[in-house]
Amino acid sequence: MDVGGSRIRRRVSVRKRNRPSLEILFAAPTVAELRPGDEEEEEDKEEEMVAGSRRRKTVGVQPVENHDSEEDMFGDYDSFAENSFLAQVDDLEQKYMQLSENREHDADLATADLFSESIKHNKLSITTVGSFIELKTHEHTENQSGHKDVAVEPGPDLLCELPSSQVLYFENLQNSSNDLGDQSTKERDWNPSSHKTVSEDLLHNSIEQLQQIHESSSKVRTSSDVNRRKSLKDVLKSTMAGNAKAQTPIFSRTKQLKENLLSEEINVAKKTIESPSDDLGPFYSLPSKVRDLYVQFKGIEKLYEWQHACLTLNSVQERKNLIYSLPTSGGKTLVAEILMLQELLCRRKDVLMILPYVAIVQEKISALSSFGIELGFFVEEYAGSKGKFPPIKRREKKSLYIATIEKGHGLINSLIETGRINSLGLVVVDELHMIAEGSRGAVLEMTLAKIIYTSKTTQIIGMSATLNNVEDLQEFLQAEYYTSQFRPVELKEYLKINDTIYKVDSKAEAGMTFSRLLNYKYSDALKKMDPDHLVALVTEVIPNYSCLVFCPTKKNCENVAEMICKFLSKEYLKHREKEKQEMIKNLKNISNGNLCPVLKCTIPLGVAYHHSGLTSDERKLLEEAYSTGVLCLLTCTSTLAAGVNLPARRVILRAPYVAKEFLKRNQYKQMIGRAGRAGIDSVGESILILQEKDKQQVLELISRPLENCYSHLVQEFTKGIQTLFLSLIGLKIATNLGDIYHFMSGTFFGVQQKFLLKEKSLWEITVESLRYLTEKGLLQKNTIFTEKGLTQKDAIYKSEEWFQFSFHITKLGQASFKGTIDLAYCDILYRDLKKGLEGLVLESLLHLVYLTTPYDMASQCDPDWMIYFRQFNQLSPAEQNVATLIGVSENYIGKKASGQAIKKKVDKDIVNRLYLSFVLYTLLKETNIWSVSEKFNMPRGYIQSLLTAAATFSSCVLHFCEELEEFWVYRALLVELTKKLTYCVRAELVPLMEVTGVLEGRAKQLYNAGYKSLTHLANADPEVLIRTIDHLSRHQAKQIVSSAKMLLHEKAEALQEEVEELLRLPSDFPSIEKA
């Protein structure tokens, strides 16, 4: 990827270099040849020779190559052939042997003096025996080919080109000469202007060792005429051969040097960010390794122009809050990821990424775990029942928290409570338009408002494809705004009325222009079955290209898939037939031998349906098959558009409705945004099928702007403003009316209060909410202000008695706040738990399961009374006792099943909640969603959603009980129950399912293949996994291994932190004072 700005120049060592003649190194003049008047002249000549040698040695940049211990010992450096380095050493030695005995001693002294003098003045630029390292020169000259000289700084990086055997040789050589270097060390230290480099030390030590070898040889030759003088050439051969045979260290030298380089680049990038310079470093202030990882893991080699422009904005460089908006598939996430990596690696701060759905959180965890392993940061999941509050405080590595909206809010609360909010450097919000969606939007607004109010150093980045009233969001987030209409693939929009297709054209008067007539021969039977010509539209693209058909309801998805398959030719069966058969086999495996009859008919033709009625295992398998082209057509609901990224060549909207509601502009843009696959398609098409009666509404739909985002903070009363006030007082962010009102003025609701509030003012709503919380027993008020204490501004509200109070949270309020319990149910939950203490039935899990069944799902439940009665009769006496304690009798269920009138009043919510408890209890016993689905006549996807909601609510109830001493008995019980509800599998599969992205079906495959623990997965070879596990792609295998490694590292780090905490001297340890 090419990026603007100057880059941090990497220091490299050049593999091959022109060596200076050995005459320069060793050929010293004899005493007779050195006349007194010629010493200076000789030095000048030597300087000229060295300078000439230096000019000849300048080379161009060559790629750095990695070498391990198995390569040739000498590589391309030297050989034993003629004119090699060793041959020159041998020739030089012969010259020495020709010197007379009476001149040898003097020559040696002269040589030593000459070397000492040259090194002392740093005049030599040479390659020592085996070091092959150039001394750093201060001038940049050009060689004969016109390339500039490479500045090679001394340090550990200079040895990265050597084979490990030679690295060992120099380490041993340096160690053995340490004892002989005291005198030279003293000479080096006394002169502060003399800067010795590593290459000089190696040169000095090498010379000393050569001199010792020479002296030793002389002594041996003198004492015995039989022993011949040992050849220097033989010494070198013997030494290098011995080093080659030496055992290679268990650590990888290459890996160590790479880590050093990465660390150095991070430090340089950190300095770059902190400095006012425009220099962005190798890759947007990040190490070049990040760029390499994007190529390796995601195949991204170059950024789009808009991405580069966004990353180089002044507001981004100055760390201002930012909102950016682009069409779907424009590449928004990559910009956010680069900014997150800058925060983690360069600024050394934690990062929070908030995503709308659990499935997207898990997808992102899997994608970024590989980066965390390579770059040294943790990736932590906060979704469902996963996530620790407060998060573990890491010793060195930083954490990337990836969370759903609700878990993100809990995480921010815990950081504020523990005074660690400033450790969070960046918060990224994907799908920012979710701030306008009901209670979830209210929670997101609360989260962002608290960050802005409590931390001045935390940057907020928001992104979305569907934003309109950006000015309000900018004012709320105090953010800059960047937008672009860029799409990597052109999108063409069409409308279909009867058998005519029109192209959407904003310039045309009618908003559309005629495109073509459908030319497809329809039989009478086909016309009756397919009046909307869906078969004609999809067969234009499949099976060679992919297609999505959005349907208004889940049942319609299944019907459309079946209908299309009835009229597809048998030729479609042959397209990737073997892979489709393999897929059917895998669907059966993950479903205990069961297979949906609709999918059994459609998959052989490359067609499937996709909606929330499927289990997560089934959806994941279908998504993988569609992504790889095994399936070419999916019929789906609108939730797919907001969920995982599954683009298509053509997107068809079956009707302009979602359920019974007419399509919104935002929903329409999200659906058609799936058209066009970057890097695969040259164009994407969307076709909206409509009836003549809907024509006018559809024309308005395609021409009007996106819907505005409006705050739901007050509209969602118990989940919104009341929950906010309770947490503000619980966290001591604001404890009196004035501070709370001030906080509310800075929220998204405060920005929009002028047109959201019609009857009441913000002040009145604030007072009303505080009164409600006080009456409910969640807050208590204390008088704090007196007449004298009021400021002039406060005097305006003097008539308001509530202004004179400060508030503190009660124990029940604290439990509700910590458990993130909906305040509409907190008193009911307290009453149920209190009643449970009077006679908690522990012979089975039914009583505990009832206490953790979500209240909101019970209110939406509509039991099948015959099934209810049948299940009730199958209960054991102890289990029936639970129903009696709760207040549901067999007589009541029997009468409802038989349709008899019931005079006795019974709480409907309790009855419905017990029915859902039966479903969950049966599921925990059987761990088979299919059999439970048949027993209760419920969609298996709904049962799985119920299970996920119960696991989340069980975790909330656990935190609720931890704050109330009277409920101590529930704590240990709920820890185990939460774990059972989270995984709902055999106990031996739980460790494998802790790994993000490993669901029950995959866990069974892995367990049967011998991977029975987290450690097994973390040490697995992805290539072996591919061969061992059916229908597992290389990409998925790598993600599973990376996620397992990340989780293992997190657990190890947590244990290490616990050990250090235990061994650390307490800060309040009593000191012994001396008398």
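This is a predicted model, so every value here is computed, not measured.

### Overview of the overall build of the protein chain
Helix and strand content of the protein chain: 47 helices and 19 strands. Looking at the 1075 residues of the protein chain, the share that counts as buried comes to 52%. Sequence-distant contacts in the protein chain: of pairs separated by 6 or more residues, those separated by 24 or more amount to 74%.

### Quick word on the packing of aromatic side chains
Throughout the structure, instances matching the rule amount to 25 aromatic pairs. Centre to centre, the rings of Y304 and F486 are 4.6 Å apart; their planes meet at 50 degrees, and the pair counts as tilted. With Y304 in the loop between α10 (288-298) and α11 (305-311) and F486 in the loop between β7 (479-483) and β8 (490-497), the pair connects residues that are 182 residues apart, well separated along the chain. According to the relative accessible area criterion, Y304 is partly exposed, its value standing at 30%. In this structure F486 comes out as partly exposed when scored by relative accessible area, which is 26%. Between Y657 and F662 the ring centres are 5.4 Å apart and the planes differ by 85 degrees, which places this aromatic pair in the edge-to-face class. For Y657, a relative accessible area of 23% puts it in the partly exposed group. A relative accessible area of 19% places F662 in the buried class.

### Observations concerning helix α32 (residues 811-818)
Burial of α32 is extensive: six of the eight residues sit out of reach of the surface. Looking only at α32, the buried set comprises L812, G813, Q814, A815, S816 and F817. Next to the buried residues of α32 lie α15 (405-417), α28 (721-730), β19 (805-809), α33 (826-838) and α41 (940-962). Immediately downstream of α32, the backbone of T820 shows phi near 45 degrees, a positive value.

### Regarding the side chain of T458
Following the sequence through the fold, T458 ends up in the loop between α16 (438-454) and β6 (459-464). Engagement of the side chain of T458 in a polar contact is seen with the backbone oxygen of L424, the distance being 2.7 Å. Among the polar contacts made by the side chain of T458, one reaches the side chain of S455 at a distance of 2.7 Å. When near neighbours in sequence (up to four residues on either side) are disregarded, T458 contacts N321, I421, L424, G425, L426, V427 and I451.

### Quick notes on the pairing of β6
Across a regular strand the side chains alternate sides, sitting on one face of the sheet and then on the other. Counting buried positions over the six residues of β6 gives six, a clear majority of the element. With burial as the criterion, each face of β6 is covered, one bearing Q459, I461 and M463 and the other bearing I460, G462 and S464. In terms of strand pairing, strand β1 (residues 321-325) meets β6 through four bridges, oriented parallel. In the strand pairing of β6, L322 is matched with I461. As paired elements, strand β5 (residues 424-430) and β6 share five bridges and run parallel to each other. Within the sheet, the bridge partner assigned to D430 lies in β6 and is M463. Of the crossover connections in this fold, the one passing from β5 over α16 to the parallel β6 is right-handed.

### Some words on the environment of L914
Residue position: L914 is located in helix α39 (residues 908-926). In this structure L914 comes out as buried when scored by relative accessible area, which is 0%. Sequence separation between L914 and Y850 is 64 residues, and the spatial gap between their C-alpha atoms is 6.2 Å. Excluding residues that lie within four positions of it along the chain, L914 makes contacts with Y850, Y868, A883, I886 and V888.

### Details of the pairing of strand β9 (residues 500-504)
Of the pairings in the sheet, the one linking β8 to β9 comprises four bridges and is antiparallel in character. Its bridge partner being in β9, L495 is matched across the sheet by Y502. Counting the residues in the hairpin turn of β8 and β9 gives two residues, including N498, whose phi is positive at 60 degrees.

### Some remarks on helix α27 (residues 695-703)
Each α-helix winds once per 3.6 residues, and so residues spaced three or four apart point in a common direction. All of the buried residues in α27 are V698, L699, L701 and I702. Axial view of α27: buried residues confined to an arc of 155 degrees, hence all on one face. Away from its buried face, by an angle of more than 90 degrees, α27 presents the exposed residues Q696 and S703.

### Details of the pattern of salt bridges
All chains considered together, the criterion is met by 33 salt bridges. The closest approach of N and O atoms between K298 and E337, which form a salt bridge, is 3.0 Å. Taken together, the residues span a long stretch of sequence, with K298 in helix α10 and E337 in helix α13 (residues 332-346) at a distance of 39 residues. What makes K298 partly exposed here is its relative accessible area of 33%. With its nearest N and O atoms 2.8 Å apart, the salt bridge here joins R650 to E685. Taken as a pair, R650 in strand β14 (residues 650-653) and E685 in strand β17 (residues 683-690) lie far apart in primary sequence, 35 residues in all. Residue E685 is classed as buried on the basis of its relative accessible area, which comes to 16%.

### Here we look at a nonpolar patch on the surface
Residues V1059, L1062 and L1063 make up a contiguous nonpolar surface patch of about 360 Å² in total accessible area. Along the chain, the position of L1063 falls in helix α47 (residues 1034-1063). Residue L1063 is classed as exposed on the basis of its relative accessible area of 72%.

### Some words on unusual backbone geometry
Leaving glycine aside, a negative phi is the common case for residues, and trans is the common case for peptide bonds. Cis geometry marks the peptide bond from F389 to P390; its omega dihedral reads -15 degrees. When you line up the elements, P390 lands in the loop between β3 (378-382) and β4 (399-403). Residues I542 and P543 are joined by a peptide bond in cis, for which omega reads 5 degrees. By the secondary structure assignment, P543 is in the loop between α19 (534-539) and β11 (547-550). Of note, the phi angle at T820 is positive, near 45 degrees, even though the residue is not glycine. Here T820 lies in the loop between α32 and α33.

Each value, and the rule that gives it
- Residues numbered from 1 in each chain as written.
- Predicted model: local features only at pLDDT ≥ 70, side-chain atom pairs only at ≥ 80, totals over all residues.
- Heavy atoms only, no water.
- Helix = DSSP H or I, 4+ residues; strand = E, 2+ residues; numbered from the N terminus.
- Buried < 20%, exposed > 50% of the residue type's maximum accessible area, 1.4 Å probe, protein only.
- Contact = heavy atoms within 4.5 Å.
- Phe/Tyr/Trp six-rings, centres within 6.5 Å; stacked < 30°, edge-to-face > 60°.
- Polar contact = N/O pair within 3.5 Å; in protein donor to acceptor, adjacent residues only side chain to side chain.
- Pairing = 2+ DSSP bridges.
- Right-handed = clockwise from strand over helix to strand, strands pointing away.
- Arc of directions from axis to C-beta.
- Salt bridge = Lys/Arg side-chain N within 4 Å of Asp/Glu carboxyl O.
- Patch = residues over 30% accessible without salt bridge, like charges linked within 9 Å, V, L, I, M, F, W, Y side chains within 5 Å.
- Areas by Shrake-Rupley, 256 points an atom, 1.4 Å probe, with all protein chains shown as cover.

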